[in-house]
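# Observations on chain architecture
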Amino acid sequence: MSNHHYDTLIIGAGLSGIGTACHITEEFPGRSLAILERRNCIGGTWDLFRYPGIRSDSDMLSYGYKFRLWDSSKILADGASLRRYIQDTAAEYGIADKVHYGLKTTSANWSSQQRLWQVTALHEPSGKIKHYSCNYLVCCTGYYNHDEGFLPKFPGEENFKGIRIHPQHWPEDLYYKGKKVVVIGSGATAATLIPAMADTAGHITMLQRSPSYVYSLPSVDKLTTALARIMPASWAKGLARKRNILMYRAAYIACRQWPRLMRTIILSHVRKQVGPNVDMRHFTPKYMPWDERLCAVPDGDLFKSLRSGKASVETDHIERFTDKGILLKSGKELEADIIIAATGLKLQILGGMTLSIDGTPYPVGEQMTYKGVLLENLPNLAWIFGYTNISWTLKVGLAAKYLCRLFRHMEKNNFEVVTPYDHEHNALNDGIMNSMKSGYIQRDQHFLPRQGKSYPWHVFMHYGRDKKMLLKDAVEDSRLKFLPARQDAYKAQPSRVAG
């Protein structure tokens, strides 16, 4: 049984894992690093989801890496372009050959005697168990279950004679030309599928229990394209990135401080987009903006599909499935050849991996997050979790830079282990995404780490505060316990066996 040892082991080769690996490798080229990836290629979310129209819901200049800016005028990128972007970044920064594929990480145990993480992974293609160890473990697995999405049980669903699917497992050979399609859901997935399928399907209907906030963005950044003609392109993109960060942050703050005013502005925008023939009750949520995520659509493509008559919206509850479609509580029946349940995600932390210390389990949902990067009571472990109110990657970049600062501090002071401890009993029962009212978050947020009442245990989801906390504030902190390196410490050697 061989053991592959690395200074740093990253779990997940998606946007977060590749970005974090680039930062660490650039800062510490002499340290060994590997990435364990369950899938057979780089890309994470953007390799998993393959449904029609799959795209980012954040602008790409802030969603892309700061160290390798998005090089396209597209504001919202399609899934294939995003996947290539991540893969090209990994290749350019020498990360691609550090990825070990087909590995589902099942457990990680911290050995206090050896002062390292012992990681167990299942190589799914062969069924073999592989063992790794590392001085520092970095989890970049996102926050939802890749095996299955949330699929509620509907009365009579066994009676439906057509095709029923969840977007997370899209059939490559799905034929829907001329078919009647019903998409259950009102979030980003539904808003993406409707315009992507409308021109080919016979008719497509979005069936929602309640509306979401939807707003239109231009698909192309014309201003940045124009500026790139009169200044270096890197300057133009850098300015655009700063502009977008400020703009989206300001919009979020405005929604939280003046929710009724922002609600009026958003709904006025929608009213102009949908035209006179679409009932506004389908786009008028009962909640305030940013109680749930806002949904962006490029060039108002969803609204165009509705105006053309190729798509429609129904706001109602499902009474039951029938053999030929869905019966609504209003008594109306929607006929369908294909029903797509865009009903959301299931939360899952660390890709389902369990954590323990010397064999004693430490469930993530019972620990607080320190500065939104480290986890209480867990030595030499980082958990990379992005923003949910602006571009995810902005927090990923800050977290990766903080890790590099922490590693440098430990190296300089000959520290071997760092563990966050809560001495002031700060813990709340709130999960880190408690402010979001989305159904999938409220259902499963007990899986998420806790947060505390105050700094540095409270999660603000605030780019400006986090930038100061992670990049400016001193690394040394009474809440962090550092252990000096031992002269006689166990030192596992990197395996020469190909992983």
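### Thoughts on unusual backbone geometry
At the junction of tyrosine 455 and proline 456, the peptide bond is cis and its omega measures out at -5 degrees in the coordinates. For proline 456, the position within the fold is in the loop between β24 (450-452) and α12 (463-471). Unusually for a residue other than glycine, aspartate 299 sits at a positive phi of about 55 degrees. Here aspartate 299 shows up in the loop between β11 (295-298) and α9 (301-308). For asparagine 380, which is not glycine, the phi torsion reads 45 degrees and is therefore positive. Here asparagine 380 shows up in the loop between β20 (374-375) and β21 (381-383).

### A look at the layout of surface pockets
Space inside the second largest pocket adds up to approximately 780 Å³. In terms of lining residues, the second largest pocket is bounded by 40 residues, among which Asp59, Tyr215, Leu217, Met247 and Tyr248 are the most central. Those elements giving two or more residues to the lining of the second largest pocket turn out to be α3 (60-63), β10 (214-217), α6 (222-227), α7 (233-257) and α8 (259-274). Looking at the lining of the second largest pocket, the element that brings in the most residues is α7, giving ten residues.

### Regarding the pattern of salt bridges
A full pass over the atoms with the stated rule returns 26 salt bridges. Residues aspartate 47 and arginine 39 are paired through a salt bridge, measuring 2.6 Å at the closest nitrogen-oxygen approach. Assessed through its relative accessible area of 26%, arginine 39 is described here as partly exposed. For aspartate 301, the salt bridge identified is with arginine 55, shortest N-O distance 3.1 Å. One end of the pair, aspartate 301, is in helix α9; the other, arginine 55, is in the loop between α2 (45-48) and α3, and 246 residues separate them in sequence. By relative accessible area, arginine 55 is classed as buried at 12%. Counted as one network, the salt bridges with shared partners bring together Glu27, Arg31, Arg408 and Glu411.

### Describing the sheet that holds strand β8 (residues 180-184)
Strand order across the open sheet formed by five strands is β7-β16-β8-β9-β12, with parallel pairing between neighbours. Strands at the two margins of the open sheet, each flanked by one partner only, are β7 (163-165) and β12 (311-315). Along the sheet, successive strands turn relative to each other by an average axial angle of 20 degrees, direction set aside. Of the strand pairs in this sheet, strand β9 (residues 203-208) and β12 are connected by five bridges, and their pairing is parallel. When the bridges of β12 are listed, glutamine 208 appears paired with threonine 315.

Thresholds applied
- Residues numbered from 1 in each chain as written.
- Predicted model: local features only at pLDDT ≥ 70, side-chain atom pairs only at ≥ 80, totals over all residues.
- Heavy atoms only, no water.
- Helix = DSSP H or I, 4+ residues; strand = E, 2+ residues; numbered from the N terminus.
- 1 Å grid on protein atoms, 1.4 Å probe; cavity = no way out; pocket = protein on both sides within 12 Å on 5 of 7 lines; lining within 4 Å.
- Points joined across faces, edges and corners; volume = space filled by probe spheres on them.
- Salt bridge = Lys/Arg side-chain N within 4 Å of Asp/Glu carboxyl O.
- Buried < 20%, exposed > 50% of the residue type's maximum accessible area, 1.4 Å probe, protein only.
- Pairing = 2+ DSSP bridges.
- Axes fitted to C-alpha atoms, helices over the stretch in contact; angles between N-to-C directions.

All we've got here are geometric facts, nothing functional implied.
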